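# What the coordinates show
Residue strings, one per chain:
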Amino acid sequence: MQPTSVRSTLIKIALLAVVDAIAVFAATVLFFQENWIVLGVLAVGTVIVNWVYLSPGLLPGKYLTPGLIFLAIFQVFVIVYTLFIAFTNYGDGHNSDKEDAIAAVVLQNTVRVEGSPAYRVTVVEGFEGLGLLATAPDGEVLVGSAEQPLAPLDPSAVTLNDDVAVAAEGWTALALDQLLQRQREIADLQVPFSDDLDDGFLRTTDARLGYQFQSTFVYDEAADTMTDTVNGVVYQDLGNGQFETTDGEVLGTGWQIFVGFDNFLKPFQEQRYGSALLGVLVWTFAFAILSVALCFVLGLFLAITFNDARMRSRKIYRIVMILPYAFPSFLAALVWLGLYNTQFGFINEVLFGSADIPWLSDPWLAKLSVLIVNVWLGFPYMFLVCLGALQSIPEELTEAATVDGANGWQVFQRIKFPLLLVSTAPLLIASFAFNFNNFNTIYLLTGGGPRILGVSENVGHTDLLITLVYKTAFEAGTGREYGLASALAIIIFIIIATISTIAFRQTKALEELN
Amino acid sequence: MKHSSLMKIAGVGALALTLAACAGGGTPAPAESSAAAPEGGGNLVIWMDENRAEALEGVIGTFEEETGTTVEIVIKEFGSIRDDLTTQAASGEGPDVVVGAHDWIGKLVQNGVVAPIELGDAAADFQEVSIQAMTYEGAVYGVPASVENIALVRNTALAPDAPASWDDMIANGQAAVAAGTAQFPVLVGIDPNNSDPYHLFPLQASFGGPLFGQNDDGSYNADDLQIGNEGNVQFAQALAEWGAADIINENISGDIAKEQFAAGASPYTITGPWNLATFQEAGIDYAISEIPAPGDLPATPFVGVQGFMLSAFAPNPIVATQFLTEYVASEEAQTAIYEGGQRAPALTAAFEAAQSNEDVAAFGEVGANGVPMPNIPAMDAVWGDWGTTEIQIITGQGDPATLWTDMAAKIQATIGG
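Now for a quick tour of the structure. Keep in mind that this is a model prediction, so the values were computed, not measured.

Conventions used here
Residues numbered from 1 in each chain as written. Chains lettered and ligands numbered in written order. Predicted model: local features only at pLDDT ≥ 70, side-chain atom pairs only at ≥ 80, totals over all residues. Heavy atoms only, no water. Helix = DSSP H or I, 4+ residues; strand = E, 2+ residues; numbered from the N terminus. Rg over C-alpha atoms; globule rule 2.2 N^0.38 Å. Contact = heavy atoms within 4.5 Å. Areas by Shrake-Rupley, 256 points an atom, 1.4 Å probe, with all protein chains shown as cover. Lys, Arg positive; Asp, Glu negative; His and termini not counted. Charge placed at Lys NZ, Arg CZ, Asp CG, Glu CD. Axes fitted to C-alpha atoms, helices over the stretch in contact; angles between N-to-C directions. Parallel < 35°, antiparallel > 145°, perpendicular 65-115°, else oblique. Left-handed = near helix turned anticlockwise from the far one by under 90°. Patch = residues over 30% accessible without salt bridge, like charges linked within 9 Å, V, L, I, M, F, W, Y side chains within 5 Å. Salt bridge = Lys/Arg side-chain N within 4 Å of Asp/Glu carboxyl O. Buried < 20%, exposed > 50% of the residue type's maximum accessible area, 1.4 Å probe, protein only.

## Side note on the overall build of chain A
Per the secondary structure count, chain A includes 17 helices and 15 strands. At 35 Å, chain A has a C-alpha radius of gyration far larger than the 24 Å of a compact globule built from 514 residues. In terms of principal-axis extent, the alpha carbons of chain A reach across some 120 × 80 × 45 Å. Nonlocal contacts in chain A, meaning residues at least 24 apart in sequence, comprise 59% of its contacts between residues at least 6 apart. Accessible surface for chain A amounts to roughly 27300 Å². Of this, 65% is attributable to carbon and sulfur atoms. Across chain A, the mean location of the 25 positive side-chain charges is 23 Å away from that of the 48 negative side-chain charges.

Take a look at the structure:
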């Protein structure tokens, strides 16, 4: 083995130093955030990287490490995180942790006492922490802190500026920069009016004006309950990620909890959903298979045509062929939506002489319409693939077959097509998987519609599983349900993975044929 | 082995980039480092859309100058602000202030990401409907900035006078179609799959068909679903008739309605101020008036209010509140936002000053009688079914009353359970 040059060793050390420097910086940030898990992963990762590149052997490791790290971040992490979410109730109303939810409920129910005056306040600091120096509209000056209720001050102990108390004996007014640094503390500061909690407290949100507030919800830490002080209703944590009463009354803001397999079971438990799901599943398969088949047949036909040396100006035609492929699919879907319009669309107006064909509102025509658009979007890809594959088949094979007396069709059927399939079959499977989840085309063109009548769930004739999942998780019911969406996505993944595995096995058999 | 050492170098380089990406996705420096903030000034992070960012440049400049605060504006697409705030605020990396629509508030409160704002006596300086819109469960969540609603826009060349009633309007429109001066009696843009409950709501309201009951303070009561009541069913019947008579046509999308009206193809359209620029460019002489009521009650449109809201996790709540209550609520800022977007300002003083613009005055007059779009989270359960049911009725896919009551029952089931 030839010794590595000094220069490349130096470059290696420099780059490794950069990696380590960034890792140390990230670790510091994570340390202050007290994010121990990520910090641990980062530390282990950095140690491994240094070990791999500093030790003399481990050549495969040196090649693979960057790729493996990318894989871990962009694939493994995403999958693990999706799985994690699928087992929680994460979604609208269950957005953060319990601590945040409690704070939110209390904050939302902290209201200004009706008709109470506005106090001019100065934020001051005393022995027991932050306090508020308040000037009432009638000129009375009060001071207090979180522990010490507001009490009037002797006017002689107060410094006034334009009738507003700005300083008092025993208290230091906060300078602007201190004020700015302690904003959260000031916003959270509640100075009670008296020892009786019902009298409310003085609070300021802009450090200039203070108002008398009252909290109508009180959290009892010992009992873990939330009490509505207006009507005395007690809300408990019954393990459902929210505060609720025993008779089913719930508070809007809840928190994230683990719900086990609930999300996975939901489509099977709700009957009204199950029946709709079956129809959608069949159409999803039909859509994916037909899209791939039609695209492939059309693409192959055009590829053969434009591969023929007798065809003139092939290049120009080829460029025209590729155009739909260059169009973003969501834009194309919107353009087609316009073309399909029953009354104003180009298709009815021009092609069918102002006919009244309901392209998108008749169940069968809508299915046909989305297929047409999808084939239009997808055939250029198949055309490109087939063109490449055809050109890679040696001409000698055709010549040899012709010499043996085979005609054009026989050459294609017996020789070219099987060879072509070997290289395109994996792409067909990938294309199937893509179309199985072809959200853009369906959602933008028909939105899944027209809706199936007589089904209470919002399911349409052209809905694919993925658009149905989107509707169920994000559009129906009570808002966004990320947990449910993740679980349904995993179910779809399992379906596609199964089909792809079987299909790939079959492809192997195809290879052995040749 | 020259090749392999090059590969190693490339590998380490790629790693450096990866780690840099991770670190970049990380967080702002730890709290301790905020001591390094410029003396005498705080930082404020605001998420808003491009229109308003441009309009507010002056006001923000003044604020920065007077308080020594550094304001960082993050431009986002308006629609994505709600979701981004919901998912990012709790991490502490979110903004201090966002610009949003009032009907997001219920959802944002449910997720605990917005904080109430005490406007104090300043609340009286705003149009009542705008404060009502920003109020949820008794607390005001934000400073309202602009108010928008739909109204009847008519082509004065085809219809010189405002129609006295809905029937009057339809008769005029149909006469114009018969005479060949127009193609459509009236244009209401709807989506062929989901209809457009927002544009059709004034008509529904005139039959006495609210969505939810209202509490004493004007807020909506999610427990009192009204969408299945008698007036609403009457509306469903009327909608079926209009659909059959092509007065409401499922093929006319919002864009087509705008285009056709700009081409002078109809004397009337129901639309908002956002389309006026197109009509002006097309040289249409238009006038704005209230939507004629097909039912017994006035046809009140939904009023949408956009405002500045305070994040519940704002790192700088004091500066943010000062900015909201003293600068955004100022006449100068409200006028600037109005001039940037042509939507009526929420502050009464600015609104009155904007009366010199006839369009704003006319839309504002219609909006003053409108009802705020419900901001309760239960609306999520309403929109989808509401729209698809309307389109089924318009295209005559069943008995309107049955379709409508089925829809109401389904929405009730979703909300209740």
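## Overview of the packing of helix 12 (residues 363–392) of chain A against helix 14 (residues 408–436) of chain A
All names here are of chain A. Contact geometry for helix 12 and helix 14: axes closest at 10 Å, N-to-C directions at 150 degrees. Considering their axes alone, helix 12 and helix 14 lie roughly antiparallel with respect to each other. With respect to the hand of their crossing, helix 12 and helix 14 are arranged in right-handed fashion. Of the residues in helix 14, those touching helix 12 at Asn374, Tyr381, Met382, Val385, Cys386, Ala389 and Leu390 are Lys416, Leu420, Ser423, Thr424, Leu427, Leu428, Ser431 and Asn435.

## Here we look at a negative patch on the surface
On the surface, a cluster of negative charge is made up of Asp195, Asp196, Asp198 and Asp199 of chain A. We classify Asp196 of chain A as partly exposed; its relative accessible area is 41%.

## Looking at the pattern of salt bridges
The final tally for this structure, using the stated rule, is 16 salt bridges over all chains. Its salt-bridge partner being Arg480 of chain A, residue Asp83 of chain B comes within 2.8 Å of it at the nearest N-O pair. Pair noted here: Asp83 of chain B is in helix 3 (residues 78–88) and Arg480 of chain A is in the loop between helix 16 (465–475) and helix 17 (482–513), and the two residues belong to different chains. Bridged by salt links that share partners, the residues Asp92 of chain A together with Lys107 and Asp380 of chain B form one connected network.

Structural measurements only, silent on function.
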